[in-house]
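What the coordinates show
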Number of protein chains: 2
Amino acid sequence: MLDALFKPRAIAIVGASVKELSIGNVIIRNLQKYGYTGPIYPLNPNAPEVCGLKAYKTLDEIPGPVDLAHVIIPAPMVPQAILECGKKGIKAVIINSAGFSEMGEEGARLQAEFLAIAKEYGIRLFGPNCQGIINSDPALKAYCNFTFTYPEPGHISVVALSGGVGALIMQALADLGIGQRLYASNGNACDVSIPEIVRYYGDDAETRAIILYTEGFSNPREFLETAREIAARKPILAMKAGRTEQGAKAASSHTGSLAGVDIATELIFEKIGILPFADEGEMVRAAMAFSSQPIPTGNRVGIITNTGGPAVIATDVLVACGLDVPKLSEKSIETLKTTQFPEAALENPIDVVATAGGPQFRGALDVLIEEDGVDSIFINFVTAPFTDTHEVARQIVEVNKLARKPIVCNFMTDLSQERFQITMRILKEGGVPFYANPSDAAKSLGALHKFGQLKRRDIGQPTRFAGIDTAKAASIIEKARQEGRSVLSASDVYTIFEAYGIPVAGWAVTANAAEAVRAADRIGYPVVVKVDCEEIDHKSDMGGVAINLRDAEAVRSTVEDMQARLGKFGTLRFFVQKFLPGGRELIIGAAAERELGHLVMFGLGGIYVEVLKDVVFKIAPVTHLEAGEMLASIKTAALLDGVRGEPGVDKEAIINLIQRVSQLLTDLPMIQEMDMNPIMAFADGVFAVDGRIRI
Amino acid sequence: MLDALFKPRAIAIVGASVKELSIGNVIIRNLQKYGYTGPIYPLNPNAPEVCGLKAYKTLDEIPGPVDLAHVIIPAPMVPQAILECGKKGIKAVIINSAGFSEMGEEGARLQAEFLAIAKEYGIRLFGPNCQGIINSDPALKAYCNFTFTYPEPGHISVVALSGGVGALIMQALADLGIGQRLYASNGNACDVSIPEIVRYYGDDAETRAIILYTEGFSNPREFLETAREIAARKPILAMKAGRTEQGAKAASSHTGSLAGVDIATELIFEKIGILPFADEGEMVRAAMAFSSQPIPTGNRVGIITNTGGPAVIATDVLVACGLDVPKLSEKSIETLKTTQFPEAALENPIDVVATAGGPQFRGALDVLIEEDGVDSIFINFVTAPFTDTHEVARQIVEVNKLARKPIVCNFMTDLSQERFQITMRILKEGGVPFYANPSDAAKSLGALHKFGQLKRRDIGQPTRFAGIDTAKAASIIEKARQEGRSVLSASDVYTIFEAYGIPVAGWAVTANAAEAVRAADRIGYPVVVKVDCEEIDHKSDMGGVAINLRDAEAVRSTVEDMQARLGKFGTLRFFVQKFLPGGRELIIGAAAERELGHLVMFGLGGIYVEVLKDVVFKIAPVTHLEAGEMLASIKTAALLDGVRGEPGVDKEAIINLIQRVSQLLTDLPMIQEMDMNPIMAFADGVFAVDGRIRI
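Just so you know, the residues in each chain are numbered from 1, in the order the chain's sequence is written. For naming, the first written chain is A and the first written ligand is 1, with later ones following in the order written. Residue-level local features of this predicted model are given only where pLDDT is at least 70; pairs of side-chain atoms are given and counted only at 80 or more, and the full residue set underlies all totals for whole chains, interfaces and linings. Side-chain metrics in this entry use all non-hydrogen atoms of the structure; hydrogen atoms and water are not considered.

1. Concerning the overall build of chain A
As a reminder, the rule being used: Only runs of H or I of at least four residues qualify as helices and only runs of E of at least two qualify as strands under DSSP, and these elements are numbered from the N terminus. Burial here depends on accessible area, computed with a 1.4 Å probe over protein chains only, as a share of the maximum for the residue type. Under 20% is buried, over 50% is exposed, and the range in between is partly exposed. We call two residues in contact when some of their heavy atoms are within 4.5 Å. Here the open area of atoms and residues is found with the Shrake-Rupley method and a 1.4 Å probe, where only the protein chains shown may cover a residue. Only four residue types enter the tally: Lys and Arg on the positive side, Asp and Glu on the negative side; His and the chain ends are excluded. Each charge is placed at NZ for Lys, CZ for Arg, CG for Asp and CD for Glu.
Across its full length, chain A carries 23 helices and 30 strands. Taking all 695 residues of chain A together, 61% fall into the buried category. Pairs at least 24 residues apart make up 71% of the contacts formed inside chain A by residues separated by at least 6 positions. Summed over all atoms, the accessible surface of chain A reaches about 26,100 Å², with 52% contributed by carbon and sulfur. Of the charged side chains in chain A, 68 are positive and 83 negative; the average position of the first set lies 2 Å away from that of the second.

2. Description of the sheet that holds strand β5 (residues 68-71) of chain B
Residue and element names in this part refer to chain B. As a reminder, the rule being used: In this description, strands pair whenever DSSP reports at least two bridges between them. The angle between two axes is taken between their N-to-C directions and runs from 0 to 180 degrees, where each axis is a line fitted to C-alpha atoms and a helix contributes only its stretch in contact.
The parallel open sheet is built from five strands, whose spatial order is β2-β1-β5-β6-β7. If you trace the sheet from one side to the other, it starts and ends with β2 (40-43) and β7 (124-126), each paired once. Averaged over all adjacent pairs, the angle separating strand axes in this sheet is 20°, with direction ignored.

3. Section: the packing of aromatic side chains
The geometry of an aromatic ring pair is captured by the separation of the ring centres together with the interplanar angle, meaning the angle of the planes. Short version of the rule: Paired rings are identified among Phe, Tyr and Trp, the last through its six-membered ring, by centres lying within 6.5 Å, and are further divided according to the angle between planes into stacked (under 30 degrees), edge-to-face (over 60) and tilted (the rest). Geometrically, a lysine NZ or arginine CZ counts as sitting over a ring once it is within 6 Å of the ring centre and also within 35 degrees of the ring normal.
Going through the model one piece at a time under the given rule, you end up with 40 aromatic pairs over all chains. Both rings, one in Phe411 of chain A and one in Phe434 of chain A, keep their centres 5.6 Å apart while their planes meet at 80°; by these two values the pair is edge-to-face. Residue Phe411 of chain A is found in strand β19 (residues 407-412), and its partner Phe434 of chain A is found in strand β20 (residues 434-435); the two are separated by 23 residues along the sequence. Of the two residues, Phe411 of chain A and Phe434 of chain A, neither departs from the other in class, the shared state being buried. Ring centres 5.7 Å apart and planes at 75° place the aromatic pair Tyr41 of chain B and Tyr56 of chain B in the edge-to-face group. Within this pair, whereas Tyr41 of chain B is found in strand β2, its partner Tyr56 of chain B is found in the loop between β4 (53-54) and β5, the two being separated by 15 residues in sequence. For the residue pair Tyr41 of chain B and Tyr56 of chain B, the accessibility class agrees, reading buried in each case. These aromatic residues form a ring-pair network of at least three members: Phe361, Phe381, Phe411 and Phe434 of chain A. If you follow Lys141 of chain A out to its NZ or CZ, it ends over the ring of Tyr34 of chain A, 4.1 Å from the centre. Across from the ring centre of Tyr56 of chain B, 4.9 Å away, lies the NZ or CZ of Lys54 of chain B, which sits over that ring.

4. Let's talk about the environment of Ile587 of chain A
Residues and elements named next belong to chain A. Residue position: Ile587 is located in strand β25 (residues 584-593). In this structure the C-alpha to C-alpha distance between Ile587 and Gly606, which are 19 residues apart in sequence, comes to 8.5 Å. Residues contacting Ile587, with those up to four places away along its chain left out, are Met601, Phe602, Gly603, Leu604, Gly605, Val609, Asp675, Met676, Asn677 and Ile679.

5. What to know about the environment of Ala480 of chain A
Residues and elements named next belong to chain A. Along the polypeptide, Ala480 turns up in helix α17 (residues 470-482). C-alpha of Ala480 to C-alpha of Arg694: the two residues are 214 residues apart in sequence and 10.0 Å apart in space. The residues touching Ala480, leaving out its near neighbours within four places in the chain, are Arg485, Leu488 and Ile695.

6. Notes on the pairing of strand β29 (residues 685-688) of chain A
Where a strand is regular, its side chains alternate between the two sheet faces. Residue and element names in this part refer to chain A. Sheet topology note: the strand β28 (residues 673-682)/β29 ladder contains four bridges and is antiparallel. Bridge pairing in β29 places Phe682 opposite Gly685. Connecting β28 to the antiparallel partner β29 that follows it, the hairpin turn spans two residues.

7. Concerning the pattern of salt bridges
Side-chain pairing between opposite charges can occur once the charged atoms of the two side chains come close. All names here are of chain A. Note the threshold: Think of a salt bridge as a Lys or Arg side-chain nitrogen and an Asp or Glu carboxyl oxygen that are within 4 Å of each other.
If you walk through the whole model with that rule in mind, you get 70 salt bridges over all chains. Of the charged contacts in the structure, one is a salt bridge between Asp375 and Arg300, with a shortest N-O distance of 2.9 Å. One end of the pair, Asp375, is in the loop between α13 (358-370) and β18 (376-382); the other, Arg300, is in the loop between α10 (280-292) and β15 (301-305), and 75 residues separate them in sequence. The network of salt bridges with common partners includes Arg199, Asp203, Glu229 and Arg233.

8. Thoughts on the confidence of the model for chain A
What counts here: pLDDT is a residue-level measure of predictor confidence that goes from 0 to 100.
On average, residues of chain A score 93 in pLDDT, and 99% of them reach the 70 mark or higher. Here the predicted complex scores 0.92 on pTM and 0.91 on ipTM.

9. Let's talk about the sheet that holds strand β15 (residues 301-305) of chain B
Residues and elements named next belong to chain B. Spatially, six strands are ordered β16-β17-β15-β18-β19-β20 in an open sheet, and the strand pairing comes out mixed. The two strands at the open ends of the sheet, each matched to only one other strand, are β16 (345-346) and β20 (434-435). Across five bridges, the pairing between β15 and strand β18 (residues 376-382) is parallel. Its bridge partner being in β18, Thr305 is matched across the sheet by Asn380.

10. Examining the relation of the copies chain A and chain B
As a reminder, the rule being used: Least squares is used to superpose the copies, and the fit set is the C-alpha atoms of residues whose pLDDT is at least 70 in both copies.
By a simple turn and slide, chain A fits onto chain B: the slide is 0.0 Å along the axis, the RMSD is 0.1 Å, and the turn is 180°. Both chain copies can therefore be described as sitting about a two-fold axis. Mapped onto chain B, 99% of the interface residues of chain A again fall at the interface, so both copies present the same surface.

11. With respect to the interface of chain A and chain B
Condition: Values labelled buried area give the accessible surface lost by two parts on being combined, using a 1.4 Å probe and summing over both. Polar contacts here mean pairs of N or O atoms no more than 3.5 Å apart (in protein, one a potential hydrogen donor and the other a potential acceptor; neighbouring residues in sequence count only if both atoms are side-chain atoms). Classification convention: Asp, Glu, Lys, Arg as charged; Ala, Val, Leu, Ile, Met, Phe, Trp, Tyr, Cys, Pro as nonpolar; all other residues, Gly among them, as polar.
On the chain B side, the residues contacting the 81 residues of chain A number 80 residues. In this assembly, chain A packs against chain B so that about 5,800 Å² is buried in total across both faces, 61% of it on carbon and sulfur atoms. Area buried by chain A at its contact with chain B is led by Phe148, Gln246 and Asp316 of chain A, which between them contribute 12% of it. In this assembly, chain A and chain B are joined by four salt bridges. One salt bridge connects Lys443 of chain B with Asp279 of chain A, and the closest N-O pair in it is separated by 2.8 Å. The interface formed by chain A and chain B contains 22 residue pairs in polar contact (both at pLDDT 80 or more). Of all the secondary-structure elements, those providing two or more residues to the side of chain A that touches chain B are α2 (23-34), α5 (163-175), α8 (245-255), α10, α11 (308-320), α15 (418-429), α16 (438-456) and α21 (607-610) of chain A. With nine residues, α11 of chain A is the single largest residue contributor to the side of chain A that touches chain B. In the side of chain A that touches chain B, the residues fall into 38 nonpolar, 26 polar and 17 charged.

Below is the structure:
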């Protein structure tokens, strides 16, 4: 579908310019400099030629077919240009011009206008207000972009909402000597979207890993569904900026489309197995490892070092990334003795010492390749002036070629010296990912490991519970909607919960003291009584909640007292419910997230949510594995297992409850907000004892 | 004192070698290559010359005086060499040879032997098993080291326990084009110590900032006291590795001296205002900012950007570093309108847009320099191909020269293009710290800001409370020591607390039920009774603790019951104490730290310490400000202010208590461990209700 964009056989430049440094000139020069293999047709109303190429006055003058056009002309002229592209049979247009939806209403109108024309002619639009694309395929060499970095061919493809960050990533990859395959930065994205681009990269055989930069998604559901499929096949390394409120504000100001700190993007990454980064440098360095190394199958790393301190730093960072630096087997240690110097440390890290040459490095590498207790290899290689560093590099390369375990190298040297440049080139040509310091190298191996964990994590399918009465729940919500009630009554809420098999402490809605007592007798004491009246908002503050009522008399007098004090607010009903003291308070919440479905929240209630803000989120539908992860990932998870002699709570029942809530939200997407606070959890079950639903 | 080491006027190489790549050859070549201005005297028993220099057979053949000798000979020969150095009047010796304390007993004996000789002759020893020093002073150019990086002169001095990390830091500084002043890596450090080196750097007028790498200190108190003085005058940027258990193990294996994760080093850094780093790359990049920029006086940053996304990333990182990106004043916005393009965003970040040239950047810079609401300036400068990037760089340099506010620049470019190399050189020669991506640049400005905070933080002097009976407390401890008791009795503990004005819930130690009842009558009910018997360890589990005893009868029957059940263990005493329910449980602990004094711990008691491990530490003596920081820095600090309608606790009383504990520990250093768990805190006071002291 996007071949005309990413693999154009001929390109027209509408708005080609003879003025150096203008975009209409830079793009042509870039195509020429990068070595584009197809014809370039500049359009210019005055100049007979641009950048040494014959210029045309109109598209229909162009002799051959054209796949792709750049449009670099004032905004008001763009609709006409798109029309002419349509007539010429052009299949894709990169609109570099700005002045559209990002500039307010008039711009948005123009954008809608040319989008309609494009649709009529079957043109795919890229942009407007964008950079463009790059395809490094040596058979094509399409540099349809005004940036300044000329990537070598490779296997990493980049897509970035922000052209500035896209260019930065491209440059950083080039600085590290990492080849790139495809690049795209699509600005206002009026037509070709980031999910589509990700899918295209996913289907591109030469792309082995994808780098994504975003500040949020205009259609997060589309992204989630598309990228899920791709992420299952190829590593996607992603960074989402706007993580702080002020960062989100800055993002909103430059994209004009998003506001507020958005946690959903990170949750999407987590749900579908995209590897998230908070630092663009770290992401690009990790890409170097992804572009050449296998994914480790476990978390055990063997370290080879010819210098002490950097091994300490590397160990710290590797461990912080979740890796383990295990003891080597006796057999490995015995084998090491045959190749290492007497002063070497035959532990893990293996300190081959500064004087180690090729044989010592090779000996250690061979041992780690064969050692069953090790899944990946980290090397600290400082180019000690008194050793044959080329030979060390050659041995590392030999072992790297086996591709049996991932290898990452911290290569500490002075590249201004020719001798060490040669050593460096040996590593580079041998496909060994190397870094200038131990932390950077260790974080890159850490990223490989985290991706391995993501790959092995199968969240499974959401449970579909049987015996659910969706129709009943839906009809309650529909009735409330028709009556204009956005907040459901307690009775509605509990009936919906019960329809979804959500355990609820025994309850009844009653009209007066006599009914309340009858209900309490049936439910069993002690009970809670809460006034149920739409006009009363803060029931507790108004004296509309009474807990731990132990007998009929207490219920009667409580209801009569509430009636006397609160009757003036409207018709009162009295919600009677089993009082369940002594459990662990939990909270489950949900909120509809723009265009995505619902976020589900879980935490411990009371001060844990109020003071510690110790809650976690997932996107519905939540699977059994994900619900279990929610329980395990709160900071206070240990409290669920019981502390200080208290029994633990029934975790499987909580997991079941979270999934039922998730099913409810999935079935009834009109629910805007939902709260179960608290849920009382015991060793043998959980019960929702307060609930709220807003539609 | 260390001038002979760092400013040697003539150098002898004991163990000079004609063999290329050997250390005895590399050091001479380094001295020659770097341009050492003094005479170099190689010593070699056979060769008439080494590296083109006349070689000597013995030190006394050398015609002139010698300040410094390198010793690079087999370990057993070193003592004799030191003796000869003494006879020659050499004042400092760098022992590059290994095979001493790091290799076990025989090595340690050799080390002690030559150290004694050195002391006799007044020689300062550097090493053994070390790299050496570098002094970049153009008048000296002393490269007394076998590493391979040749630093330009500058104002950053480096000291590293690990030679590998020292070399790495030196190389990273060189890669960033940052000059260096002095360098030292002292290996086994048998004589010249890191604190001494830090002091020397502190006194060196050309050193403006110090970089320190360590894995712990052999004498932390010496370091604390020396570095405190230097840190008050010059920025010290420091990294401590071995932060994880496995990292500490790796450190212990290569230094042979330390074990276990050591938190004291980080606490020392905090106490004396050293800026800590967890990433060596980040530390070195920060040094670039420290080497040229003033320290910001506040946390408000103005951002200028010519690209959107990198400003979002920078904002995220700056905010995460504690900086604020405030609104600009109306006046600033009005002024900006006179210089910026219409499509510019006149907020903060100021988006001057990609087409901005020198005048737009200068206009925005001038506004931020004058804006009272901004303390520092962050610039995103992508070298858009369609703009005069040299002029932009020149304008940044012009404003940087004013040195009115710190400026940090994210300079995104392709340095393989000559045009942008020129732009880069303008920035570099103009002293503008620049980085290749927004996160790195923002973290460096963040480091300047954090150092500004450290500079402004005055922890003050520890309070010395009046009315303390140190003699009484000391005599109790002395008595226990004489009696061979390492764990003090409850009575001892509470008497010591009272001697230090630490509020204790009313208590008495009694021998039987009748005495217990009399004591309880006096103290007032309810009371707690605990059995007090050295032979009973887990009182609570043994039924030796009874709380909330409300009257005499309850006390009597409890004591009689304990006597009956537990009497078999030995002579029982009964500790009676006022029962104080309903307060907030706190915990204060202390432990003697090897060679440093005591660490004091504070946290909330119960599950907060047991499950959340929510505790903080400081080194005694703890000042009023530090005690306040302890309260504020636990994660659950909000609980101290009261939640869910509960009243807050008396924070000033807790601060007072922490300081009294600190004074107790300082006065009585023989205390090995102390626990007050729990302390009951109320709105109007705090009371220790359980205490334990081990000597």
